[in-house]
Amino acid sequence: MNRRECLHLLTGMAGAAIAGEVRAEEPKAIPTITPPDPNPKTPSFKLPPKSCDSHTHIFGPASRYPFSEKRPYNTADAPLETFRSVHEKIGVERCVIVNATVHGTDNRVVTDAIAQSEGAYKGIANVSDEMSEKQLAALDKAGICGCRFAFLKRLGGIGDMGKFQRIVHRVAELGWHIDVYFEPGTIGEFAPVLTALPTPYVIDHMGTVQAGKGLDDPGFTALLDLQKKDEKCWVKITGLERASAAGKPFHDAVPFAKALIDNAPDRVLWGTDWPHPNVKIMPNDGDLVDLIPLYAPDAKIQHKLLVDNPARLFKFT
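These remarks concern the structure in this document. Bear in mind the structure is a predicted one, so any value in this text is a computation, not a measurement.

So, the overall build of the chain
Here comes step 1: The helix and strand tally for the chain stands at 12 helices and 8 strands.
Here comes step 2: The buried share of the chain, taken over its 317 residues, is 56%.
Here comes step 3: Considering only contacts within the chain whose residues lie at least 6 apart along the sequence, 79% involve residues at least 24 apart.

Observations regarding the nonpolar core
Here comes step 1: Core analysis: the largest hydrophobic core is formed by 81 residues, its most contacted members being I178, I203, I237 and Y295.
Here comes step 2: Residues within four places of I237 in sequence aside, it is in contact with M206, A257, L260, I261, V268, L269, W270, G271, Y295 and L305.
Here comes step 3: By size, the runner-up hydrophobic cluster in this structure holds 12 residues, among which are I124, V202, L269 and L313.

Here's the deal with the pattern of salt bridges
Once their charged atoms are close, side chains differing in charge can pair, the charge on each being opposite to the other.
Here comes step 1: Evaluated as defined, the whole model comprises 15 salt bridges.
Here comes step 2: D112 is the salt-bridge partner of R64, the closest N and O atoms lying 3.9 Å from each other. With a gap of 48 residues between them, R64 in the loop between β1 (52-56) and α2 (80-90) and D112 in helix α3 (residues 108-115) connect regions that are remote in the sequence.
Here comes step 3: Classification of D112 as partly exposed rests on a relative accessible area of 25%.
Here comes step 4: The shortest N-O distance in the salt bridge between D106 and R108 comes to 2.8 Å.
Here comes step 5: For D106, a relative accessible area of 25% corresponds to the partly exposed category.

A short note on the packing of helix α7 (residues 218-229) against helix α9 (residues 254-263)
Two quantities define a packed helix pair, namely the angle between the axes and the distance from one axis to the other.
Here comes step 1: It is at 10 Å that the axes of α7 and α9 come closest, and there the two elements cross at 20°. Judged by the angle between their axes, α7 and α9 are roughly parallel. For the element pair α7 and α9, the recorded crossing hand is right-handed. Between α7 and α9, the residues in contact are F220, L223, L224, Q227 and K228 and F256, A259, L260 and N263, respectively.
Here comes step 2: Classifying every residue of the contact of α7 with α9 by side-chain character gives 6 nonpolar, 2 polar and 1 charged.

Here we look at the packing of aromatic side chains
Here comes step 1: Throughout the structure, instances matching the rule amount to 10 aromatic pairs.
Here comes step 2: Plain terms: the ring middles of F83 and Y121 are 5.6 Å apart, the flat faces sit at 85° to each other, and that makes the pair edge-to-face. On the criterion of sequence distance, the pair formed by F83 in helix α2 and Y121 in strand β3 (residues 121-125) is long-range, its members being 38 residues apart. Per residue, the accessibility class of F83 equals that of Y121, and both read buried.
Here comes step 3: When the ring of F314 is compared with that of F316, the centres are 6.5 Å apart and the planes differ by 75°; the resulting orientation is edge-to-face.
Here comes step 4: Since its relative accessible area comes to 2%, F314 is described here as buried.
Here comes step 5: Put simply, the rings of F149, F151, F164, F182 and F190 touch in pairs and so form one group of aromatic residues.
Here comes step 6: Above the plane of the ring of F316 lies K122, whose end atom (NZ or CZ) is 5.8 Å from the centre.

Quick notes on the rules
- Residues numbered from 1 in each chain as written.
- Predicted model: local features only at pLDDT ≥ 70, side-chain atom pairs only at ≥ 80, totals over all residues.
- Heavy atoms only, no water.
- Helix = DSSP H or I, 4+ residues; strand = E, 2+ residues; numbered from the N terminus.
- Buried < 20%, exposed > 50% of the residue type's maximum accessible area, 1.4 Å probe, protein only.
- Contact = heavy atoms within 4.5 Å.
- Core = buried A, V, L, I, M, F, W, Y, C linked by side-chain atoms within 4.5 Å.
- Salt bridge = Lys/Arg side-chain N within 4 Å of Asp/Glu carboxyl O.
- Axes fitted to C-alpha atoms, helices over the stretch in contact; angles between N-to-C directions.
- Parallel < 35°, antiparallel > 145°, perpendicular 65-115°, else oblique.
- Left-handed = near helix turned anticlockwise from the far one by under 90°.
- Nonpolar A, V, L, I, M, F, W, Y, C, P; charged D, E, K, R; others polar.
- Phe/Tyr/Trp six-rings, centres within 6.5 Å; stacked < 30°, edge-to-face > 60°.
- Lys NZ or Arg CZ within 6 Å of the ring centre and 35° of its normal.

As structure tokens, this is what we get:
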């Protein structure tokens, strides 16, 4: 497959992930994912005041916020009450709730939580090209500041890239950014699409780097190059448990996080990814907090990563 064919295939997948348009296939059993560690540790590293978890989710309760019929996986409830208790335990005061694919384009699980947060929460929505301007404006008023596109085979299918472009331009008018989630090693193929975007974009989970491939892996160097050159590019320092080849305590992923932070310290964000959907090894959120001083040992850089950068991008007051 040449470069053009690969880019066409990968970008095409986004349309279906966004609009829920997946080509008809044989019915498949929906997998059930592992629930989060129910006993988060109190971390040794104390997060500074107003620290923000920039990537986290709420699931259900399904009795109130039903899961989408087209959901790619089944999950136990991970409701607002549990969400709050985890953040209290690890020292998080602010957060950005990313609506997960299990809820489709029903964003109430996010906007309801924002409404109860007294300004401490913002949200990333799932949207479709069929949404009206009035619906998008209502989401904006409810505390949504961006929308997410998952360019993953397991979360979508082949669809219309034109819908992606239309949505991006519509939400750019609202002042939103976009979240993008890629297959490992595909950042280089997407770079021309990303640099042409009319709004800032945030790359989830360190670009799904694979620590086993080393710091010189072309997929990772392409991410560093894009992050350095394009001031619209932000990267989330999340998913070290996804990146790790060695397993707990995920120290083999630390050099990748450090390289991204050193490369553009004003455009990096930290998050837990609680309740950690679709991971092979379930982390403890207290342990994830204790990784922060390993890849960001300087207190000023820690403050940028945890407080200043998210306050600027997500417009916390």
